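Listed here are the chains, written in short residue letters.
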Amino acid sequence: SPSPVPATASGDKPPAPTHWRDVHTGEIGELPRQPSATLVTSRLTMKLAEVMTAVGRVAKRGRNEFHGYDYATEADIVEVVRAELAKRQILIYPEVLGYEIRELSPAHDKKAARLLTLVQLRFRIVDGKSGEYIERLWLGAGEDSGDKGVYKAMTGGDKYFLLKLLLIPTGD
């Protein structure tokens, strides 16, 4: 059967990407590295699997009227996940490792420049009973013409981290 990761000519798996390229400017940046020695034990993994089992589909109660689509809000996701994590004494600590603000061209109907904020995040998932933990690096992005870009990027990063960590369906 085929390998899920393509092999190189020598049969080895290709190395993970270490850099990203900005599609607009061509600028190259270094990707954050995942911690090499992450403590993962079967008990914390089992607790996370229990949360995955307990949390069902999250309804899309948010609406983007401008673009005409529905979405699951961060608040709705946190509402269902938080209680299940707390029952199992699991805490998730987000940490902002860095951020970047990029100026985008103004929208066709607006004079003000749009700002895109990118944040590099680290999430530490901790079993509050044993102290065992898992750390994962993540990215978030948020667009705002004012002072809320970092918060929007953090919220988006948190939302998608939880969705992907726990494989939460939203009906997409």
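Look up a bit, the structure's there.
Right, let's walk through the structure included here. (Residues numbered from 1 in each chain as written. Predicted model: local features only at pLDDT ≥ 70, side-chain atom pairs only at ≥ 80, totals over all residues. Heavy atoms only, no water.)

A separate point is the side chain of Arg 88. The residue Arg 88 is located in the loop between helix H2 (74-87) and strand E5 (90-104) in this model. Within the structure, Arg 88 has its side chain in polar contact with the side chain of Glu 50 (distance 3.0 Å). The residues contacting Arg 88, other than those within four sequence positions of it, are Lys 47, Glu 50, Val 51 and Ala 54. (Helix = DSSP H or I, 4+ residues; strand = E, 2+ residues; numbered from the N terminus. Polar contact = N/O pair within 3.5 Å; in protein donor to acceptor, adjacent residues only side chain to side chain. Contact = heavy atoms within 4.5 Å.)

Right, let's get into the sheet that holds strand E6 (residues 114-127). Judged by pairing direction, the sheet is antiparallel, and its 3 strands sit side by side in the order E5-E6-E7 without closing on themselves. Strands at the two margins of the open sheet, each flanked by one partner only, are E5 and strand E7 (133-144). Here the strands of the sheet are splayed against their neighbours by 15° on average, with no regard to which way each runs. Note that E6 and E7 share 12 bridges and pair antiparallel. Its bridge partner lying in E7, Val 126 is registered against Tyr 133. Lying on the sheet, helix H3 (residues 149-165) is in contact with E5, E6 and E7; it crosses E7 at an angle near 135°. (Pairing = 2+ DSSP bridges. Axes fitted to C-alpha atoms, helices over the stretch in contact; angles between N-to-C directions.)

Attention now goes to H2. Its 14 residues give H2 an end-to-end C-alpha distance of 20 Å, which sits within 8% of 20 Å, the value for a rise of 1.5 Å per residue. The sharpest bend along H2 measures roughly 25° and falls at Val 81. Every buried residue belonging to H2 is among Asp 76, Ile 77, Val 81, Glu 84 and Leu 85, and all of these are buried. Tucked into the core, H2 has its buried residues touching helix H1 (42-54), E5 and H3. Two residues or fewer past H2, Gln 89 is found with a positive phi of approximately 55°. (Expected span 1.5 Å × (residues − 1). Bend = angle between axes of the 7 residues up to and from the residue. Buried < 20%, exposed > 50% of the residue type's maximum accessible area, 1.4 Å probe, protein only.)

So, about the pairing of E6. The pairing of E5 with E6 spans 14 bridges and is classified as antiparallel. Residue pairing in the sheet places Leu 104 in a bridge with Arg 114 of E6.

Here we take up unusual backbone geometry. Here Gln 89, not a glycine, exhibits a phi torsion of approximately 55°, which is positive. Structurally, Gln 89 can be placed in the loop between H2 and E5. Exposure remark for Gln 89: the relative accessible area of 40% places this residue in the partly exposed category. A positive phi angle, close to 50°, is found at Leu 167, a residue other than glycine. Relative to the assigned elements, Leu 167 resides in the segment after H3. On the accessibility criterion, Leu 167 (61% relative accessible area) is exposed.

A word on H1. A rise of 1.5 Å per residue sets the reference length of H1, with its 13 residues, at 18 Å; its end C-alpha atoms lie 18 Å apart and thus fit the reference within 8%. Along H1, the residues that are buried comprise Leu 44, Lys 47, Leu 48 and Val 51. All buried residues of H1 project into a common sector of 95° when viewed along the axis, lining one side. Opposite the buried face of H1, at more than 90 degrees from it, the exposed residues are Ser 42 and Thr 53. Buried-residue contacts for H1 involve H2, E5, E6 and E7. (Arc of directions from axis to C-beta.)

Evaluation of the coordinates by the stated rule reveals 14 salt bridges. Here Arg 43 and Glu 50 are joined by a salt bridge, their closest N and O atoms 4.0 Å apart. Given a relative accessible area of 38%, Arg 43 falls into the partly exposed group. On the basis of relative accessible area, Glu 50 is assigned to the partly exposed category, the value being 32%. The closest approach of N and O atoms between Glu 143 and Arg 114, which form a salt bridge, is 3.2 Å. In this pair, Glu 143 is assigned in strand E7 and Arg 114 in strand E6, connecting sequence segments 29 residues apart. Judged by its relative accessible area of 37%, Glu 143 is partly exposed. (Salt bridge = Lys/Arg side-chain N within 4 Å of Asp/Glu carboxyl O.)

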